[in-house]
Amino acid sequence: MEQWCQEKERRKTYHEEILCRLAYCTGKSVNVTGSDITKIPTFFVLVGLVQGAILLTTDYCAGIVFHPDLVPGIILLVHVVLNRGRQLCGLAGTFDAIAAKKQGAQDAETQTRPLRLSHSVTGPAGVTAIVFALGLKYLSLLNLTHFLPFTYYSSLILLPVIPKWTIVISMFYGKPAVQDGMERSFLHRKGVKKTAISTLILVLLFILPGLLFRDSMPGNQHIFFAALLITLYGLCRVLAHYFHAHLGGHRGDTLGATGEIAEMSFLFMVIIWSRLSI
């Protein structure tokens, strides 16, 4: 009886951790301690996979009712809602901070960087970044509908997965811009284990389609996945260095911006690779 109770408690704790990770990635409020919060990034990729399945379901349901040109817009809307706009908000805040740095004096900017990053009002640079990001992603998804079904559907599934992984990589290599807040808890307690688990899950997601859809998958798809992984890793390193040099390090905004930039880079790479492979 005691063993059964212990097993039940263990499963309850595990389920609570999974729900906590899902809630954090979708912007819900979570009540966790400093030690618990560092467990959240470990399975970011799995949360992205759940969101990818939702996007795939959205594509099927919307395709029954709406015009094909409208479906990518609906998918993009659902994608933004699932993340509650956190990545777009981070992108806007980061671009506003960079724009403010170029407009203001160097010494004054150094003192006000953290305030600008956390400001609640979006400036012209931030609005422009959001408009371009949404527009480019819509056009990219619309373009992908003309490629092979495997390419389109795998891109939908991986669309939320890729930014989650790049955020984990950025947490591992980045330094906190401020000495308080949730970002400091993540960045100060980063570890090789969490990063390795996320990377392993992503690699398994790359391998799985080759086992399940061998006949419909392009022959050079595994080469593309390897190139994608290396490119995104390099992108995370470059952005981490840039944010450290120009904004003092990583914050929630810069992590969101990294995920958003990685998302657009992923879509562009899929399109370019597919066109060169024809």
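Preceding this section is the structure that the text describes.
Summarised in this report is the structure supplied together with it. (Residues numbered from 1 in each chain as written. Predicted model: local features only at pLDDT ≥ 70, side-chain atom pairs only at ≥ 80, totals over all residues. Heavy atoms only, no water.)

Thoughts on the overall build of the protein
Piece 1. Helix and strand counts for the protein stand at 13 helices and zero strands.
Piece 2. The linear arrangement of helices and strands in the protein, starting from the amino end, is α-α-α-α-α-α-α-α-α-α-α-α-α.
Piece 3. Out of the 278 residues in the protein, the part that is buried amounts to 44%.
Piece 4. Considering only residue pairs separated by 6 or more positions, the protein has 77% of its internal contacts joining residues 24 or more positions apart.
Piece 5. For the protein, the exposed area adds up to about 14,700 Å²; of that, 65% sits on carbon and sulfur atoms. (Helix = DSSP H or I, 4+ residues; strand = E, 2+ residues; numbered from the N terminus. Buried < 20%, exposed > 50% of the residue type's maximum accessible area, 1.4 Å probe, protein only. Contact = heavy atoms within 4.5 Å. Areas by Shrake-Rupley, 256 points an atom, 1.4 Å probe, with all protein chains shown as cover.)

Regarding helix α8 (residues 149-158)
Side chains of residues three or four places apart in an α-helix project in the same direction, reflecting 3.6 residues per turn.
Piece 1. Burial analysis of α8 places seven of its ten residues in the buried class, the great majority of the element.
Piece 2. If you check which residues of α8 are buried, you get F150, T151, Y152, S154, S155, L156 and L158.

Here's the deal with the pattern of salt bridges
Piece 1. Using the criterion set out here, one finds two salt bridges in the structure.
Piece 2. Residues K137 and E260 are paired through a salt bridge, measuring 2.3 Å at the closest nitrogen-oxygen approach. Taken together, the residues K137 in helix α7 (residues 124-144) and E260 in helix α13 (residues 252-277) connect sequence positions 123 residues apart.
Piece 3. The buried category is assigned to E260, whose relative accessible area is 1%.
Piece 4. With a closest N to O distance of 2.7 Å, E263 and K137 form a salt bridge. Taken together, the positions of E263 in helix α13 and K137 in helix α7 put the pair 126 residues apart, joining distant regions of the chain.
Piece 5. With relative accessibility at 0%, the residue E263 sits in the buried group. (Salt bridge = Lys/Arg side-chain N within 4 Å of Asp/Glu carboxyl O.)

Looking at the side chain of T58
Piece 1. For T58, the location among the structural elements is in helix α3 (residues 44-65).
Piece 2. Reaching out from T58, the side chain makes a polar contact with the backbone oxygen of I54 at a distance of 2.8 Å.
Piece 3. For T58, the residues in contact, after removing those within four places along its chain, are G63, I74, I75 and V78. (Polar contact = N/O pair within 3.5 Å; in protein donor to acceptor, adjacent residues only side chain to side chain.)

Things to note about the nonpolar core
Piece 1. Counting 33 residues, the largest nonpolar core has L144, I162, L228 and F266 as the members making the most contacts within it.
Piece 2. Going through the elements one at a time, α3, α4 (71-82), α7, α8, α9 (161-173), α11 (192-212), α12 (221-247) and α13 are the ones with two or more residues in this core.
Piece 3. In terms of residue count, the dominant contributor to this core is α13 (six residues).
Piece 4. Contacts of L144, omitting those with residues within four sequence positions, involve T151, Y152, S155, L267, V270 and I271.
Piece 5. Listed in part, the six residues of the second largest apolar core include L91, A133, A257 and M264. (Core = buried A, V, L, I, M, F, W, Y, C linked by side-chain atoms within 4.5 Å.)

Here's the deal with the environment of I201
Piece 1. With respect to the helices and strands, I201 occurs in helix α11.
Piece 2. As for I201 and F43, which are separated by 158 residues in sequence, their C-alpha atoms are 8.3 Å apart.
Piece 3. Leave out the neighbours within four places in its chain, and I201 touches F43, V45 and L46.

What about the side chain of D96?
Piece 1. Following the sequence through the fold, D96 ends up in helix α5 (residues 86-103).
Piece 2. Within the structure, the side chain of D96 is placed 2.7 Å from the backbone nitrogen of G123, a separation counted as a polar contact.

Concerning the packing of aromatic side chains
Piece 1. The full count for this structure, using the stated rule, is seven aromatic pairs.
Piece 2. An angle of 90 degrees between the planes, with centres 4.9 Å apart, marks the rings of F172 and Y173 as edge-to-face.
Piece 3. The exposure class assigned to F172 is partly exposed, which follows from its relative accessible area of 23%.
Piece 4. Classification of Y173 by relative accessible area gives partly exposed; the value is 31%.
Piece 5. Chaining the aromatic ring pairs together yields one cluster made of F206, F224, F225 and W273.
Piece 6. Geometry around Y173 places R237 over its ring, the cationic atom sitting 4.0 Å from the centre. (Phe/Tyr/Trp six-rings, centres within 6.5 Å; stacked < 30°, edge-to-face > 60°. Lys NZ or Arg CZ within 6 Å of the ring centre and 35° of its normal.)

Such coordinate-based values are descriptive only and should not be taken to indicate function.
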